[in-house]
Amino acid sequence: MHEQAIATEWSLQVEDVRKSYGEREALKGVSLAVAPGEFVALLGPNGAGKSTLFQLLTGLFNADGGVVRVCGHDMRREPVRALGRIGVVFQQMTLDLDLSVEANLVFHARLHGIAGRESKARIADALQRLGLTERARDRVRELSGGNRRKVELARALVHRPSVLLMDEATVGLDPASRRQLLDEVLALRESEVGILWASHLVDEAEAADRVIVLHRGKILAEGTPQGLVAASATTSLAEAFLQMTGGGERSPGPPQ
Ligand code: ADP
């Protein structure tokens, strides 16, 4: 009983999660948690294991070991409850380009058991929040890259999730659209959603409540952006990150 009470204080909990692809250990025992209303940046260079972690968090496959809980619901034992509390924007766009903005969202609302007036109201709310009301009837194909991403964010919010997962969501966007999307997501903290924002771009982690540095399947450091800078005796988060990870991409080498 006591354990359950502790677990439900977090929007998201990941405990000692492990995942290998054959000999290659992509996640070597990762633990993290996100509180309601908290923006946590998961920062890691390419190959760190971010996508693997996101696939586990979205129930696409099971971990070899460890536990994922969403609002206290174990992803393996109660997948429907756990997944029902998650909103996600994947790295690759997953909208139907030939459907209207609204139709893409209606479909998603129905999948979550939301229909009729309630669905209309929620979709109108989400579109308004992201400044897309005027574009509701437009086909997604007619929208800019930045607006397409905003539609995906609106869709991720329609069922009012407790956890929002953003996987390298700004890939391919120009700097202004990148900033806008990040600001929209930062503003969601006031609605008490817990946010996990995965990126390899240090500037996107500057405004995070907490930064978790993932490298080669392990968490190297965790703290506020200022705390990480102070602990590394550098003068910026970019330098601290570089110092911790050796910087840049890891070339695909032999398993380690
Ligand atoms: P990131 O998203 O941080 O770039 P990934 O989770 O994609 O990291 O990759 C973590 C490690 O797992 C890398 O070494 C990558 O080569 C390996 N990996 C990822 N997906 C597969 C796969 N389907 N099969 C084999 N190895 C994989």
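1. Structural notes on the overall build of the protein
Then, number 1: Helices and strands together make up the secondary structure of the protein, namely nine helices and ten strands.
Then, number 2: For the protein, whose C-alpha radius of gyration is 18 Å, the value lies close to the compact-globule estimate of 18 Å for 256 residues.
Then, number 3: On the principal axes, the C-alpha backbone points of the protein span a range of 50 × 45 × 35 Å.
Then, number 4: Counting across all 256 residues of the protein, residues that qualify as buried make up 49%.
Then, number 5: Of the accessible surface of the protein, which amounts to about 12400 Å², a share of 50% is contributed by carbon and sulfur atoms.
Then, number 6: Of the charged side chains in the protein, 31 are positive and 33 negative, and the gap between their average positions amounts to 4 Å.

2. Things to note about the sheet that holds strand β4 (residues 65-70)
Then, number 1: The strand order across the open sheet formed by four strands is β2-β1-β4-β5, and the pairing between neighbours is antiparallel. Across the chains shown, the open sheet's two edge strands, defined by having one partner strand only, are β2 (24-34) and β5 (73-74).
Then, number 2: Of the pairings in the sheet, the one linking β4 to β5 comprises two bridges and is antiparallel in character. Bridge pairing in β5 places Val70 opposite His73.
Then, number 3: Packed onto the sheet, helix α2 (residues 50-57) meets β1 (12-21), β2 and β4 and runs at close to 120 degrees relative to β1.

3. Here's the deal with the site of the ligand
Then, number 1: By nearness alone, twelve residues border the ligand, and Gly47, Gly49, Lys50, Ser51 and Thr52 come closest of all.
Then, number 2: Note that an oxygen atom of the ligand is positioned 3.1 Å from one of the backbone N or O atoms of Ala48.
Then, number 3: Notes on the ligand: free accessible area 550 Å², of which the protein chains cover 63%.
Then, number 4: Every element with two or more residues in the shell around the ligand is listed here: β2 and α2.
Then, number 5: With three residues, the single largest contributor to the shell around the ligand is α2.

4. Let's talk about the pattern of salt bridges
Then, number 1: Scanning the model with the defined rule gives 20 salt bridges in all.
Then, number 2: For Glu102, the salt bridge goes to Arg137, with nearest N and O atoms at 3.1 Å. Placement of Glu102 in helix α4 (residues 101-111) and of Arg137 in the loop between α5 (116-129) and α6 (145-157) is noted, with a sequence separation of 35 residues between them.
Then, number 3: For the salt bridge of Arg178 with Glu204, the shortest nitrogen-to-oxygen distance reads 2.7 Å. Of the two residues, Arg178 is situated in helix α7 (residues 175-187) and Glu204 in the loop between β8 (194-199) and β9 (210-215); the sequence distance between them amounts to 26 residues.
Then, number 4: We classify Glu204 as buried; its relative accessible area is 3%.
Then, number 5: Ionic contacts of the salt-bridge type, sharing partners, join the residues Asp98, Arg139, Arg141 and Glu142 into one network.

5. Concerning the layout of surface pockets
Then, number 1: When its volume is computed, the largest pocket comes out at roughly 430 Å³.
Then, number 2: What lines the largest pocket is a set of 18 residues, and nearest its centre among them are Val88, Phe90, His108, Leu111 and His112.
Then, number 3: The set of elements that each furnish at least two residues to the lining of the largest pocket consists of β6 (86-89), α4 and α6.
Then, number 4: The biggest single contributor to the lining of the largest pocket is α4, with four residues.
Then, number 5: Taken together, the residues that form the lining of the largest pocket break down as nine nonpolar, seven polar and two charged.
Then, number 6: Both domains that meet at the lining of the largest pocket, namely domain 1 (1-85 + 163-256) and domain 2 (97-160), each give it at least three residues.

What counts and how
- Residues numbered from 1 in each chain as written.
- Predicted model: local features only at pLDDT ≥ 70, side-chain atom pairs only at ≥ 80, totals over all residues.
- Heavy atoms only, no water.
- Helix = DSSP H or I, 4+ residues; strand = E, 2+ residues; numbered from the N terminus.
- Rg over C-alpha atoms; globule rule 2.2 N^0.38 Å.
- Buried < 20%, exposed > 50% of the residue type's maximum accessible area, 1.4 Å probe, protein only.
- Areas by Shrake-Rupley, 256 points an atom, 1.4 Å probe, with all protein chains shown as cover.
- Lys, Arg positive; Asp, Glu negative; His and termini not counted.
- Charge placed at Lys NZ, Arg CZ, Asp CG, Glu CD.
- Pairing = 2+ DSSP bridges.
- Contact = heavy atoms within 4.5 Å.
- Axes fitted to C-alpha atoms, helices over the stretch in contact; angles between N-to-C directions.
- Near = heavy atom within 4 Å.
- Polar contact = N/O pair within 3.5 Å; in protein donor to acceptor, adjacent residues only side chain to side chain.
- Salt bridge = Lys/Arg side-chain N within 4 Å of Asp/Glu carboxyl O.
- 1 Å grid on protein atoms, 1.4 Å probe; cavity = no way out; pocket = protein on both sides within 12 Å on 5 of 7 lines; lining within 4 Å.
- Points joined across faces, edges and corners; volume = space filled by probe spheres on them.
- Nonpolar A, V, L, I, M, F, W, Y, C, P; charged D, E, K, R; others polar.
- Domains from an automatic or database assignment.

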